[in-house]
Amino acid sequence: MADKIKVATASLCGCFGCHMSILDIDEKLFDLVELVEFDRSPINDIKTIGKCDIGIIEGGVANSENVEVLREFREHCDILIALGACAVNGGIPAMRNQNTLQECLETAYIHGIGVDQPCIPNDPEIPLLLDKVHPIHEIVKVDHFLPGCPPSGATIWTFLTELIENKPISFPYEQIHYD
Amino acid sequence: MPEQQTFKLDSKTIPFRDGDTIMDAALRAGEYIPHLCHNPEFTPHGSCRVCVVSANGRHVSACTQQAMNDMEVDNRSDAIMDKRRNLLQMLFVEGNHVCPGCEKSGACQLQAVAYYTNMLSPHYTHFFPKRSVDASHADIAIDFNRCILCELCVRASRDVDRKNIFSISGRGIKARLVINSDTGKLGDSDLTATDKAVHVCPVGAILPKHRGYDKPIGERLYDRQPVSQVGDVAAHDEDDNHG
Ligand code: SF4
Ligand code: SF4
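Residues numbered from 1 in each chain as written. Chains lettered and ligands numbered in written order. Predicted model: local features only at pLDDT ≥ 70, side-chain atom pairs only at ≥ 80, totals over all residues. Heavy atoms only, no water.

Student: Can you lay out the overall build of chain A for me, pointing to particular residues and giving the numbers?
Tutor: Counting secondary structure elements, chain A contains six helices and seven strands. Counting from the amino terminus, chain A carries its helices and strands in the arrangement β-α-α-β-β-β-α-β-α-α-β-β-α. Taking 16 Å as the expected radius of gyration for a compact globule of 179 residues, we find that chain A reaches 18 Å, a close match to that expectation. Its C-alpha atoms put chain A at 60 × 35 × 30 Å along the principal axes. Of all 179 residues assigned to chain A, the portion counted as buried reaches 45%. Taking all contacts inside chain A whose residues are at least 6 apart in sequence as the whole, residues at least 24 apart take part in 76%. Of the roughly 9,400 Å² that chain A leaves accessible, carbon and sulfur atoms contribute 55%. In chain A, 12 positive and 28 negative side-chain charges are present, and the distance between their average locations comes to 5 Å. (Helix = DSSP H or I, 4+ residues; strand = E, 2+ residues; numbered from the N terminus. Rg over C-alpha atoms; globule rule 2.2 N^0.38 Å. Buried < 20%, exposed > 50% of the residue type's maximum accessible area, 1.4 Å probe, protein only. Contact = heavy atoms within 4.5 Å. Areas by Shrake-Rupley, 256 points an atom, 1.4 Å probe, with all protein chains shown as cover. Lys, Arg positive; Asp, Glu negative; His and termini not counted. Charge placed at Lys NZ, Arg CZ, Asp CG, Glu CD.)

Structural data, given as structure tokens:
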């Protein structure tokens, strides 16, 4: 049997909805695990990435750790995929780009409702926030984009089977939506 | 009797009358040419360029180019679709289009035309411009983040409502929609919910208040069928076109 296709996944500045949607391909997951083997992914909790055929990124880029993980994925994956609205265009988290980072932090940690010890966290372990949230193609080259908030399990399945079978990527009308 | 004049739209023969644009004749023949700023009820504007076609080898906007006898018009080739997709991608990155958080989603013509051209990503670098929302009017809100400067509200308010409430100010990348009231606020204008200007916006920029998300996902205007079959947002009853 040919070697299984190695897939890594990561969630950057997303809500894990896209990863839930991957799981939402339901019983087809059985077919999928016949074809692929998961490398680094929140699904198996492996924390380091090895050489992979496909990397799937959920979420945009909002902090220094996101940048690091994304660059690592680009380096280790032959094909990199932006999965979902936040990876594709920044999504809901990018709505903070309308405000300065200072305003965002002050709203959350100084003037926020229910804040009783106003203080902006600055522990060195916390990744530094970028001044804006970016879609991943603004940081690294991306090979494929799957929009949707989240893309449905059916969309992800259509895409993965076409990609693995080396067919042109195309979708039925209802499978592509930006929301 | 003079002979019927025709041109070729892809492989189809399209009859036209004197004075027709390519778009006029195509619409009458039931052929779809993607567009955003065009609405047959108003004078063509030619600003969104999404209706770009190649007519006898020249790129022109179908809504402003007069039809000519025996003209060969390419409306479907990959090269034309690529151009349209690029134009749409620029419209997306120029504004702030957060579809998952937009009331108009599913019934938005910008989205629908983007689906039609198979746009899967915005491709370009986002501007993330700082724009505002004006909710000062009791019945209508305007979200400038989503305005694509199609000037349909400008034309409707000027030509149908005779109120001149909207205009474009500035040029090029600085162009923006403004409200002609003393304070610049919508609430201080004499716009009313029944004005034509409130019912022509192809995107989620001008929205009636108090009724968001009243159609479930799956039943919205463009959820099941593409814009080429459904037609324009403005052509549908207000009850149908709200996400
Ligand atoms: S106006 Fe249309 S394209 Fe823009 S955010 Fe709303 S649904 Fe999306
Ligand atoms: S508010 Fe709507 S109708 Fe008016 S110019 Fe902007 S997009 Fe066009």
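Continuing now.
Student: Describe the pairing of strand β8 (residues 166-169) of chain B, and please don't skip the residues or the numbers.
Tutor: Sheet analysis places β8(B) next to strand β9 (residues 176-179) of chain B, joined by four bridges and oriented antiparallel. When the sheet's bridge partners are listed, Ile168(B) is paired in β9(B) with Leu177(B). (Pairing = 2+ DSSP bridges.)

Student: Could you give an account of the sheet that holds strand β7 (residues 144-146) of chain A, naming the residues involved and the relevant values?
Tutor: Residue and element names in this part refer to chain A. Judged by pairing direction, the sheet is parallel, and its five strands sit side by side in the order β2-β1-β3-β5-β7 without closing on themselves. Each edge of the open sheet carries a strand with a single partner, namely β2 (36-38) and β7. Each neighbouring strand pair of the sheet contributes to a mean axis angle of 25°, computed without reference to strand direction. Bridge count between strand β5 (residues 77-83) and β7: three bridges; the pairing is parallel. Counterpart to Ile 81 in the pairing with β7 is His 144. (Axes fitted to C-alpha atoms, helices over the stretch in contact; angles between N-to-C directions.)

Student: Tell me what's going on with the site of ligand 1, and back it up with residues and numbers.
Tutor: Taken together, Phe92(B), His97(B), Val98(B), Cys99(B), Cys102(B), Ser105(B), Cys108(B), Leu110(B), Gln111(B), Arg146(B), Val203(B) and Gly204(B) make up the full set of residues adjacent to ligand 1. Considering only residue class, the shell around ligand 1 consists of seven nonpolar, four polar and one charged. (Near = heavy atom within 4 Å. Nonpolar A, V, L, I, M, F, W, Y, C, P; charged D, E, K, R; others polar.)

Student: Run through the sheet that holds strand β5 (residues 72-74) of chain B, naming residues and quoting values.
Tutor: Residues and elements named next belong to chain B. The five strands are arranged β2-β1-β5-β3-β4 in an open sheet whose pairing can be described as mixed. Strand pairing shows two members of the sheet lacking a second neighbour, β2 (12-16) and β4 (58-61), which therefore form its edges. Neighbouring strand axes in the sheet, compared pairwise and without regard to direction, differ in orientation by 35° on average. Direction of pairing for strand β3 (residues 52-55) relative to β5: antiparallel, over a ladder of two bridges. Paired with Ser 54 across the strands is Asp 74, a residue of β5.

Student: Can you break down the site of ligand 2 residue by residue, with the values?
Tutor: Ligand 2 sits among Cys147(B), Ile148(B), Leu149(B), Cys150(B), Glu151(B), Cys153(B), Leu177(B), Cys201(B), Pro202(B), Val203(B), Ala205(B) and Ile206(B). Classifying every residue of the shell around ligand 2 by side-chain character gives eleven nonpolar, no polar and one charged.

Student: Tell me about the interface of chain B and chain A, and name the residues and values.
Tutor: Across the contact, 31 residues belong to chain B and 25 residues belong to chain A. For the pair chain B and chain A, the two sides together bury roughly 2,100 Å², of which 61% comes from carbon and sulfur. One can count one salt bridge joining chain B with chain A. The partner of Arg220(B) in a salt bridge is Asp179(A), with the nearest N and O atoms 2.8 Å apart. Remark: the boundary between chain B and chain A carries twelve residue pairs in polar contact (both at pLDDT 80 or more). Residue contributions to the side of chain B that touches chain A peak at three residues, all from helix α3 (residues 109-116) of chain B. (Buried area = accessible area lost by both parts, 1.4 Å probe. Salt bridge = Lys/Arg side-chain N within 4 Å of Asp/Glu carboxyl O. Polar contact = N/O pair within 3.5 Å; in protein donor to acceptor, adjacent residues only side chain to side chain.)

Student: Would you mind going over the state of the cysteines in detail, with residue names and values included?
Tutor: As used here, a disulfide is simply a covalent bond connecting the sulfur atoms of two cysteines. Taken as a whole and assessed by the stated rule, the structure comprises zero disulfides over all chains. Looking at the unpaired Cys149(A), the closest cysteine sulfur is the one in Cys86(A), lying at 5.8 Å. Cys149(A) gets classed as partly exposed once you look at its relative accessible area, which sits at 36%. With no disulfide of its own, Cys51(B) lies 3.9 Å from the sulfur of Cys63(B), the closest cysteine sulfur. (Disulfide = S-S within 2.5 Å.)

Student: Run through the packing of helix α2 (residues 28-35) of chain A against helix α6 (residues 153-164) of chain A, naming residues and quoting values.
Tutor: Residues and elements named next belong to chain A. Here α2 crosses α6 at 25°, and the two axes come no closer than 12 Å. Classified by the angle between their axes, α2 and α6 sit roughly parallel to one another. The way α2 lies across α6 gives a crossing that is left-handed. The residues of α6 that touch α2, namely those facing Lys 28, Asp 31, Leu 32 and Leu 35, are Trp 157, Leu 160 and Ile 164. Taken together, the residues of the contact of α2 with α6 sort by class into five nonpolar, no polar and two charged. (Parallel < 35°, antiparallel > 145°, perpendicular 65-115°, else oblique. Left-handed = near helix turned anticlockwise from the far one by under 90°.)

Student: Describe the confidence of the model for chain B, with residues and values.
Tutor: Residues and elements named next belong to chain B. Residues at a pLDDT of 70 or more form 97% of chain B, whose mean pLDDT is 95. Across residues 239-243, where pLDDT falls below 50, the model places 25 contacts with residues more than four positions away in sequence or in other chains. Taken over the whole predicted complex, pTM reads 0.95, whereas the ipTM for its chain interfaces reads 0.94. (pLDDT = per-residue confidence, 0-100.)

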